[in-house]
Amino acid sequence: MANRGIIDLVLNGEHFELVPSFKNLDKLETVLNKGAVGFLRNDVASGTFKAGDVVSIIQICAAPINGRHPKWWTRDGIGDVVMNEGLIDVTTKVTQFIAAALSAGSDTDIKTVGSEDDQKK
């Protein structure tokens with residue numbers, strides 16, 4: 001499997017990971033009721049996305065590094081934290097997460113998967 005890279009997200013001083021996987025793409029497409037490609041190309045690119053869309057993606061896809069969601073982990077709580085952190089900054093992280101999930105890993109990653117001693121396949 002290609003290495004797509006986990007996106008680190010810090011909210012309210014707590015660390016979360018956005019793992020670019022099919023499972024997370026499926027969850028975000030379900031909650032947004034639209035495809036990830038369309039959301040990225042149309043809504044995010046044109047600036048017509050809603051703050052609630054970003055909050056929904058975080059709520060269902062962000063995994064806390066310590067294994068426990070904080071007490072403020074509700075839709076309203078996440079929304080307040082996102083606004084405090086800056087909607088554009090957080091949206092940039094979410095966009096990176098979606099783009100990573102929709103793309104293959106780098107050519108180097110693909111050629112070296114399963115290789116021993118850094119030999120190219």
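In this report, the structure presented in the accompanying data block is examined. (Residues numbered from 1 in each chain as written. Predicted model: local features only at pLDDT ≥ 70, side-chain atom pairs only at ≥ 80, totals over all residues. Heavy atoms only, no water.)

This next bit is on the environment of Gly52. Mapped onto the elements, Gly52 comes out in helix 3 (residues 51-61). On the basis of relative accessibility, which here comes to 22%, the residue Gly52 falls in the partly exposed class. Distance from Gly52 to Leu32, taken between C-alpha atoms, is 9.5 Å for residues 20 residues apart in sequence. (Helix = DSSP H or I, 4+ residues; strand = E, 2+ residues; numbered from the N terminus. Buried < 20%, exposed > 50% of the residue type's maximum accessible area, 1.4 Å probe, protein only.)

Okay, the sheet that holds strand 1 (residues 7-11) next. Spatial ordering of the open sheet is given by 1-2-3, a layout of three strands whose pairing is antiparallel. Strand pairing shows two members of the sheet lacking a second neighbour, strand 1 and strand 3 (62-64), which therefore form its edges. Between one strand axis and the next, the sheet turns through 40 degrees on average, direction left out of account. Across the face of the sheet, helix 3 comes into contact with strand 1, strand 2 (14-18) and strand 3 while running at roughly 45 degrees to strand 3. Together, strand 1 and strand 2 form the strand contacts of helix 5 (residues 87-102), whose direction differs from that of strand 1 by roughly 155 degrees. (Pairing = 2+ DSSP bridges. Axes fitted to C-alpha atoms, helices over the stretch in contact; angles between N-to-C directions. Contact = heavy atoms within 4.5 Å.)

Taken as a class, soluble globular proteins show a tendency for nonpolar side chains to be buried jointly. In terms of nonpolar packing, the biggest core is built from 29 residues, with Leu11, Leu28, Ile57, Ile58, Phe97 and Ile98 touching the most fellow members. Elements with a minimum of two residues in this core: strand 1, strand 2, helix 1 (22-32), helix 2 (36-46), helix 3, helix 4 (75-85) and helix 5. Leaving out residues up to four positions away in the same chain, Ile98 has contacts with Leu28, Ala36, Phe39, Leu40 and Ile57. (Core = buried A, V, L, I, M, F, W, Y, C linked by side-chain atoms within 4.5 Å.)

Before going further, it helps to spend a moment on unusual backbone geometry. Look at Asn12: it is not a glycine, yet its phi comes out positive at around 55 degrees. With respect to the helices, strands and loops of the structure, Asn12 is situated in the loop between strand 1 and strand 2. By relative accessible area, which is 45% here, Asn12 ends up partly exposed. In this structure, Asn33 takes a positive phi of about 55 degrees despite not being glycine. Here Asn33 is to be found in the loop between helix 1 and helix 2. A residue is classified by how much of its surface remains accessible, and Asn33, at 69% relative accessible area, is exposed.

In regular strands, side chains alternate between the two faces of the sheet. When strand 1 meets strand 2, the two strands line up antiparallel, connected through five bridges. Each bridged residue has a counterpart across the sheet, and for Val10 the counterpart in strand 2 is His15. As defined by bridge partners, strand 2 adjoins strand 3 across three bridges and the pair is classed as antiparallel. Looking across to strand 3, one finds that Leu18 is bridged to Ala62.

If you walk through the whole model with that rule in mind, you get three aromatic pairs. Ring centres of Phe16 and Trp73 lie 4.9 Å apart, and the angle between their planes is 25 degrees; on these two criteria the pair is classed as stacked. Note that Phe16 is positioned in strand 2 and Trp73 in the loop between strand 3 and helix 4, a separation of 57 residues in sequence. Trp73 shares its class with Phe16; the two are buried. Aromatic pair Trp72 and Trp73: ring centres 5.6 Å apart, planes at 50 degrees, arrangement tilted. Overall, Trp72 belongs to the buried group, its relative accessible area being 17%. Judged by its relative accessible area of 13%, Trp73 falls in the buried class. The rings of Phe16, Trp72 and Trp73 are connected pair by pair, giving a single aromatic cluster. (Phe/Tyr/Trp six-rings, centres within 6.5 Å; stacked < 30°, edge-to-face > 60°.)

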